[in-house]
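Topology and contacts: notes
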Amino acid sequence: MNTSLSGFSAFALPGIPFIQPGDDLVTVILDALKRAALDLQSDDVLVIASKIVSKSEGRIVDLNSVEPGSEALRVAELTQKDPRVVELVLQESTHISRMAPGVLVVAHRLGFVSANAGIDQSNVDGSANRVLLLPRDPDKSAAALRQRLWESTGAQVAVVISDTHGRPFRRGNVGVAIGVA
């Protein structure tokens, strides 16, 4: 029987700025680690919010540029949602799982079920006319971040890109890995 102790620690990396399109996340992460006097070690796991990956990849959409189609107009009327947002939800989804006033649950093109295809309006830029889509290929994004972190530090780390999902009949939200490397 192995009597050695093992442990797990989790903490938020302080000092991550408000991410803008084109920001280099590896530089942002390494700068924050340096300010916190922390070094990456092999076998560390970095969990990165999908929101900052999406922002850095420029997945921000101006709703004024979205022209809703007939299906989006129909669904928007049933759900009482902005038809432009519904159009984006339909573009990011394979099918609708459930809809009701105020509710639009879909199977996302990435393979999971979520409300509004993970489209987010919070912390985009303060504008009610801008939304943020999930990363186009979160596994590819995680792999690129992992590779660059290894090249920069020599540490073999895991990278998880997470999104926050609500769950029916449960209070609160859960973190879901949508991309891993």
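Presented here is a report on the structure given in the accompanying data block. Since this is a predicted model, take the numbers as computed values, not measurements. (Residues numbered from 1 in each chain as written. Predicted model: local features only at pLDDT ≥ 70, side-chain atom pairs only at ≥ 80, totals over all residues. Heavy atoms only, no water.)

1. Examining the pattern of salt bridges
Opposite charge on two side chains permits them to pair, given that their charged atoms come into close proximity. The full count for this structure, using the stated rule, is 6 salt bridges. Glutamate 71 is paired through a salt bridge with arginine 74; the nearest N and O atoms lie 2.8 Å apart. A residue pair is termed a helical-turn pair when its members lie 3 or 4 positions apart in one helix, as glutamate 71 and arginine 74 do in helix α3 (residues 70-79) at 3 residues. Look at arginine 74 and you get partly exposed, because its relative accessible area is 39%. Overlapping salt bridges, with partners in common, bring together Arg59, Glu92 and Arg109 in one network. (Salt bridge = Lys/Arg side-chain N within 4 Å of Asp/Glu carboxyl O. Helix = DSSP H or I, 4+ residues; strand = E, 2+ residues; numbered from the N terminus. Buried < 20%, exposed > 50% of the residue type's maximum accessible area, 1.4 Å probe, protein only.)

2. Overview of the packing of helix α1 (residues 25-35) against helix α5 (residues 138-153)
One way to put it is that α1 packs onto α5 with a least axis distance of 10 Å and a crossing angle of 50 degrees. With respect to α5, the axis of α1 lies oblique. At the point where α1 passes α5, the crossing takes the right-handed sense. Counting all contacts with α1, which are made through Leu25, Val26, Ile29 and Leu30, the residues of α5 involved are Leu145, Arg148, Leu149, Ser152 and Thr153. Of the residues that constitute the contact of α1 with α5, the class distribution is 6 nonpolar, 2 polar and 1 charged. (Axes fitted to C-alpha atoms, helices over the stretch in contact; angles between N-to-C directions. Parallel < 35°, antiparallel > 145°, perpendicular 65-115°, else oblique. Left-handed = near helix turned anticlockwise from the far one by under 90°. Contact = heavy atoms within 4.5 Å. Nonpolar A, V, L, I, M, F, W, Y, C, P; charged D, E, K, R; others polar.)

3. Side note on the sheet that holds strand β1 (residues 45-49)
Strand order in this open sheet of 3 strands is β1-β7-β8, and the pairing throughout is mixed. With one partner strand each, in any of the chains shown, β1 and β8 (173-180) form the two edges of the open sheet. Shown here is a sheet whose adjacent strand axes are inclined to one another by a mean of 40 degrees, direction ignored. Note: strand β7 (residues 158-166) against β8, 7 bridges, orientation antiparallel. Its bridge partner being in β8, aspartate 163 is matched across the sheet by valine 176. (Pairing = 2+ DSSP bridges.)

4. Remarks on the pairing of β7
Inspection of the sheet shows β1 paired to β7 by 5 bridges, in the parallel sense. The residue bridging valine 45 from the neighbouring strand is alanine 158, located in β7.

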